[in-house]
Amino acid sequence: MARLPDFIIIGAAKCGTTTLYKKLANHPRVFMSTPKEPEFFARDDIYEKGLDWYANLFASATDSQLCGEASTLYTLTTLFPHTVSRMHNTVPQAKLIYVLREPVNRAYSFYTQLVKNYQNCTRNFNVNRTFDECLFPDLYPNRCSRVQFFAPFDKHLPDDPRTLLDGSRYMTQINNYLCAFDRSQLLLLDFKELVENPDKVMVDVCEFLNLDISEMRTTEEVRENISSEHFQYADAEITRQGLVSKVKSNPIGRKLIQMTPMAIKKRLLDCYTLLFKKTNDLSRPAKMSPRAEGYLHEIFKDEIIGLEDFWKRDLSSWQQKNRN
């Protein structure tokens, strides 16, 4: 009989889902899909591959293992409206894990992720759109085109402010799921707690999935998708590209490049980068503007109030401006 997920990490994007995915993969009674984010229920082009394709992602699981996957696109149900019905029709008994983060910073962090995706894919380390240009497109009619901001592998994401905003509309997403799934099937987790006290969070996750936490393999701290590390790398790449461009512009330099063995060229570039690398503002998104922050606090206000009541948790810190 084909295996299908027993649980799904449904989001949210930029809330530590990769960390949670990797921690769960360290439990001997858990089998996590590869790739991490199949996005099967959300994207039409993936769903059209068929259930056999999806089930094959879990074919190597043993009978004693729970199967899971983690697709953050599943909590953009407002943009991918067939997600919940497809999921419920396929795996109605699945347990759902939803990691939540302060919504304003989550929206900005997702913007930086899109910048990173574009830079990694194109090797162009400029920031072609500001956060404000993404949030307020009508105010910036001359902003860059879609292809100058989105990486090709993000083609499924609409070029629309909702791509940044709707992943932070937590109660909207939860209510869409509760139209099909029972409340007992949903576990909410706090991103801040996952970062600051991951052992406690994993106890809660294992209890929810009926797993023995004592069987969890001990591993090094899992750190994934750290934006600051990407932009440090981008600074180094800009420094290296600048040196190579200067050398190639000189006939003697071009000749030296041709004559120098690859291993030596790499060592020279590494030394130059360490000595002369500087923080390059062109590669790093600007901080969130006061206008954007105020706008986001206003549009997420009712969502936070609704979530406080649903989750029975004090979220007053999420409603304070100028935090960091």
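From a predicted model like this one, the values you see are computed outputs, not experimental measurements.

Honestly, the environment of arginine 101 in this entry has me stumped. Any pointers?
Here arginine 101 lies in the loop between strand 4 (95-100) and helix 5 (103-122). Along the chain, arginine 101 and glutamate 193 lie 92 residues apart, while their C-alpha atoms are 9.7 Å from each other. The contacts of arginine 101, once residues within four sequence positions are left out, are Lys14, Cys15, Arg106, Ser109, Tyr170, Phe191 and Trp318. Here lysine 14 takes part through its backbone oxygen, which lies 2.7 Å from a polar atom of the side chain of arginine 101.

Any chance you could explain the nonpolar core here in plain terms?
Across soluble globular proteins, nonpolar side chains have a tendency to be buried as a group. Formed by 83 residues in total, the largest nonpolar core has its most connected members in Leu24, Tyr74, Met87, Phe131, Val205 and Leu307. Of all the elements, helix 5 adds the most residues to this core, at seven residues. Leaving out residues up to four positions away in the same chain, leucine 307 has contacts with Leu100, Tyr170, Met171, Ile174, Leu188, Lys312, Leu315 and Trp318.

How should helix 1 (residues 17-25) be read in this particular structure?
For an α-helix, the turn length of 3.6 residues means that residues three or four places apart are oriented alike. Taken across its nine residues, helix 1 has seven buried, putting it largely inside the fold. Where helix 1 is concerned, the buried positions are Thr17, Thr18, Thr19, Leu20, Tyr21, Lys23 and Leu24.

What is the right way to look at the pairing of strand 1 (residues 7-11) in this model?
Each regular strand displays side chains that alternate between the two surfaces of the sheet. Counting buried positions over the five residues of strand 1 gives five, a clear majority of the element. Pairing geometry for strand 1 and strand 3 (residues 66-70), over three bridges, is parallel. Its bridge partner lying in strand 3, isoleucine 8 is registered against glutamate 69. The sheet contact formed by strand 1 and strand 4 spans four bridges and is parallel. The residue bridging isoleucine 8 from the neighbouring strand is leucine 96, located in strand 4.

Cut-offs and rules
- Residues numbered from 1 in each chain as written.
- Predicted model: local features only at pLDDT ≥ 70, side-chain atom pairs only at ≥ 80, totals over all residues.
- Heavy atoms only, no water.
- Helix = DSSP H or I, 4+ residues; strand = E, 2+ residues; numbered from the N terminus.
- Contact = heavy atoms within 4.5 Å.
- Polar contact = N/O pair within 3.5 Å; in protein donor to acceptor, adjacent residues only side chain to side chain.
- Core = buried A, V, L, I, M, F, W, Y, C linked by side-chain atoms within 4.5 Å.
- Buried < 20%, exposed > 50% of the residue type's maximum accessible area, 1.4 Å probe, protein only.
- Pairing = 2+ DSSP bridges.

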